Amino acid sequence: MNNLYSCSIIVAQCTPNGQGALALVRLTGDRVFELVDNMCVLPAKKKITNLPTHSVQYGTVVDINNEPIDHVLFFKMDAPHTFTGLDTVEITCHNNIFIVNALIENAINHGARIAEPGEFTKLAFLNKKIDLVQAESIDELIHATSLAHAKSALKQLEGSFSASIDNLEQQLLHLLTLCAASFEFIEEENIDFTQTIQKQLSSIIEDIARIEKNFDAQIQLKEGFKIAFIGCVNAGKSSLFNAMLEKKRAIVNEKAGTTRDTIEATISKNGYYWTLIDTAGLRTTHDVIEQEGISKSLEQAILADVLLLVYDSSRVLSTEEEMFYNKLIETHEAKIIKVYNKNDQEIPFSYLDGIGCSALYNKGIDELTTAINKKINALTQKNELPFLVNKRHILLLQTVKAKIADVVLLCNKEKIAYELVSCQLHDILVQLSEFSGNTINEKIMDRVFETFCVGK
Ligand SMILES: Nc1nc2c(ncn2[C@@H]2O[C@H](COP(=O)(O)OP(=O)(O)O)[C@@H](O)[C@H]2O)c(=O)[nH]1
Ligand SMILES: [Mg+2]
């Protein structure tokens, strides 16, 4: 325990509020076993303090009058092999807010205090159980909006991002060594480290650029994918939207111009969030409200990740509609899937460049889902990183990149000032250490942990 950052005993519920089978209350800190012994009764007069580490014990939590609060399981874990690095007891009780509150209050009466948001994770960081990037990944993991998002967060928790930053650090350290060697061999004409240094610098810049490039793709991964139904009035956009949702969410009517505003609904498909967006049909109209709806449709065309361009395949497009469609194809070709709806009717033209379907008879919806999946897979493949990058990381990387660009300038000079280069490299290493938080200041640390909730 000697080198561990210790704290007074903290307590919090780790599971969400609400009724359910079980809830988990965690206590950690110096002398936590004694505290728990004071608030529980175990069979055969056993004591938590004397239990072996990482063992589970059935028992009863009692209040100060020795009245039972709940029958629970105690999970006893000795420091340092715990999440926080400190002695820890996790109590699994029945999930009723009155029981949980009574249990926590009882712990407070015995000397514990309520944990602050993120305090358990902060202790884990301070006790070097995890670095700052890993701490952030716990928050990502809890709030993941898709399975893919959660998997990346888990990879990050396992240390993949930290390894990548370590690699950058190693490259910079190697450069520092080369600079130091350059001082020594400065008189010797034959030894020139310039090229090696420059090569290494561009390799670092490439690594950073790769992480930056993936940032946008990762935002998509976190926020889910926008799939917009766009096309002329009465093509069956709202019918398709409902068919994919498997419920009647949007109004369907033979009267043209029924959908005047965009309607959104979210579904979960293949581990991702899909936000389906039904839009107003494209046509020239003097109706001001409809006009506004149409300009919103065009906005959605820009924002969409996948644009379903819906045709009424029972008729050919009017000249005006053709103009709208061609413009969309010209601007958004890569994300467009052409959807030929109403193929239950006679089709006056042939098509091979899209998906035929009938929203009315629920035909072709699976093929459409497969086509959307294909587009989404192509988008997710843009993210080549096994870990997640957040705003803090990107800002830090941008600062590092700018500083490296300065070093490149210094190295492009006829006579390289190695002392100056060393100094700058050192500065960059300090900057990089903000990732792991190894030499972190309080302000950065608070910024990271303030987004957490109590119990984490
Ligand atoms: N025959 C046929 N009619 C359809 C199909 N899909 C939609 N409709 C009809 O076309 C009309 C317009 O549909 P709606 O979904 O409101 O079109 P929107 O204006 O593009 O949203 C309605 O009367 C629907 O019942 C289809 O696949 N086949
Ligand atoms: Mg509609």
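What comes next is a walk through the structure.

Definitions and limits used
Residues numbered from 1 in each chain as written. Chains lettered and ligands numbered in written order. Predicted model: local features only at pLDDT ≥ 70, side-chain atom pairs only at ≥ 80, totals over all residues. Heavy atoms only, no water. Pairing = 2+ DSSP bridges. Helix = DSSP H or I, 4+ residues; strand = E, 2+ residues; numbered from the N terminus. Contact = heavy atoms within 4.5 Å. Axes fitted to C-alpha atoms, helices over the stretch in contact; angles between N-to-C directions. Disulfide = S-S within 2.5 Å. Buried < 20%, exposed > 50% of the residue type's maximum accessible area, 1.4 Å probe, protein only. Near = heavy atom within 4 Å. Polar contact = N/O pair within 3.5 Å; in protein donor to acceptor, adjacent residues only side chain to side chain. Phe/Tyr/Trp six-rings, centres within 6.5 Å; stacked < 30°, edge-to-face > 60°. Lys NZ or Arg CZ within 6 Å of the ring centre and 35° of its normal. Parallel < 35°, antiparallel > 145°, perpendicular 65-115°, else oblique. Left-handed = near helix turned anticlockwise from the far one by under 90°. Salt bridge = Lys/Arg side-chain N within 4 Å of Asp/Glu carboxyl O. Core = buried A, V, L, I, M, F, W, Y, C linked by side-chain atoms within 4.5 Å.

### Quick notes on the sheet that holds strand β6 (residues 88-95)
Strand order across the open sheet formed by seven strands is β3-β4-β5-β6-β2-β1-β7, with mixed pairing between neighbours. Looking at the sheet topology across the chains shown, the edges are occupied by β3 (40-41) and β7 (113-114). Contacts from helix α2 (residues 97-109) reach β1 (10-13), β2 (20-28), β4 (55-62), β5 (68-77), β6 and β7, with the element oriented near 150° to β6. Across the sheet, helix α3 (residues 119-126) is in contact with β1, β2 and β7; its angle to β1 comes to roughly 130°.

### A word on the state of the cysteines
Following the criterion strictly, the structure yields zero disulfides and no others. Not part of a disulfide, Cys93 finds its nearest cysteine sulfur in Cys14, a span of 11 Å. Accessibility expressed as a relative area gives 1% for Cys93, which makes it buried.

### Brief notes about the environment of Leu410
When you line up the elements, Leu410 lands in helix α12 (residues 391-411). On the basis of relative accessibility, which here comes to 13%, the residue Leu410 falls in the buried class. As for Leu410 and Leu308, which are separated by 102 residues in sequence, their C-alpha atoms are 51 Å apart. The residues contacting Leu410, other than those within four sequence positions of it, are Ile416, Leu420, Val421 and Gln424.

### Here we look at the site of ligand 1
Around ligand 1 there are 18 residues in total, and Gly236, Lys237, Ser238, Ser239 and Asp344 lie nearest to it. Within the contact set of ligand 1, a nitrogen atom lies 3.1 Å away from a side-chain nitrogen or oxygen of Asn341. In the environment of ligand 1, a nitrogen atom lies 2.8 Å from a nitrogen or oxygen atom belonging to the side chain of Asp344. Here the shell around ligand 1 gets three residues from one element, more than from any other, and that element is helix α8 (residues 237-245).

### Structural notes on the packing of aromatic side chains
All chains considered together, the criterion is met by seven aromatic pairs. With a centroid separation of 5.6 Å and an interplanar angle of 75°, the aromatic rings of Phe161 and Phe435 are classed as edge-to-face. Separated by 274 residues along the polypeptide, Phe161 in helix α6 (residues 160-184) and Phe435 in helix α13 (residues 418-436) bring together distant segments of the chain. With respect to class, Phe161 is no different from Phe435; both count as buried. Between Phe225 and Tyr272 the ring centres are 5.4 Å apart and the planes differ by 90°, which places this aromatic pair in the edge-to-face class. Pair noted here: Phe225 is in strand β8 (residues 225-231) and Tyr272 is in strand β10 (residues 272-278), with a separation of 47 residues, a long-range link. In this structure Tyr272 comes out as buried when scored by relative accessible area, which is 12%. Put simply, the rings of Tyr311, Tyr325, Tyr340, Phe349 and Tyr351 pair up and form one aromatic cluster. The ring of Phe33 has Lys76 sitting right over it, with the charged end atom 4.5 Å from the ring centre.

### Considering the sheet that holds β8
Here six strands make up an open sheet; going across it, the order is β9-β10-β8-β11-β12-β13 and the pairing mixed. With partners counted over all chains shown, the strands left at the sheet margins are β9 (263-269) and β13 (354-356), one partner each. Strand-to-strand twist of the sheet, defined as the mean angle between neighbouring strand axes without regard to direction, takes the value 25°. Taken together, the six bridges between strand β11 (residues 306-312) and strand β12 (residues 336-341) define a ladder with parallel strand orientation. The partner of Tyr311 across the bridge, within β12, is Tyr340. Running over the sheet, α8 touches β8, β9, β10, β11 and β12 and is turned about 155° from β10.

### Digging into the packing of helix α7 (residues 194-223) against α12
One way to put it is that α7 packs onto α12 with a least axis distance of 10 Å and a crossing angle of 155°. As judged from the angle between their axes, α7 and α12 are roughly antiparallel. Remark: the crossing between α7 and α12 carries left-handed chirality. In this structure, α7 contributes Thr194, Ile197, Gln198, Leu201, Ile204, Ile205, Ile208, Ile211, Glu212 and Phe215 to the contact, and α12 contributes Lys391, Ile394, Leu397, Gln398, Val400, Lys401, Ile404, Val407, Val408 and Cys411.

### Some details on the pattern of salt bridges
Applying the stated rule across the entire model yields twelve salt bridges. Put simply, Lys342 and Asp312 hold a salt bridge, and the shortest N to O gap is 3.2 Å. Note that Lys342 is positioned in the loop between β12 and β13 and Asp312 in strand β11, a separation of 30 residues in sequence. The shortest N-O distance in the salt bridge between Lys338 and Asp353 comes to 2.8 Å. Of this pair, Lys338 sits in strand β12 while Asp353 sits in the loop between β12 and β13, and the two are 15 residues apart along the sequence. For Lys338, a relative accessible area of 19% translates into the label buried. Its relative accessible area of 44% is what places Asp353 among the partly exposed residues. Taken together, the shared-partner salt bridges connect Asp312, Arg315, Glu321 and Lys342 into one network.

### Observations concerning unusual backbone geometry
Peptide bonds are trans in most cases, and residues, glycine excluded, mostly fall at negative phi. A cis geometry characterises the amide bond from Ala79 onward to Pro80, with omega recorded as 5°. Relative to the helices and strands, Pro80 resides in the loop between β5 and β6. At Lys45, a residue that is not glycine, the phi angle is positive and equals roughly 55°. Looking at the secondary structure, you find Lys45 in the loop between β3 and β4. At Lys128, a position not held by glycine, the phi torsion is positive, near 60°. Residue placement: Lys128 occurs in the loop between α3 and α4 (132-142). Exposure remark for Lys128: the relative accessible area of 68% places this residue in the exposed category.

### Quick word on the nonpolar core
Leu240, Trp274, Leu276, Leu308, Ile337, Leu368 and Ile372 are the most contacted members of the largest nonpolar core, which totals 51 residues. With residues near it in sequence (within four places) discarded, Leu368 still touches Leu240, Met244, Leu308, Ile337, Val339 and Ile355. Leu178, Cys179, Ala181 and Ile208 belong to the second-largest nonpolar core, a separate cluster that totals 36 residues.

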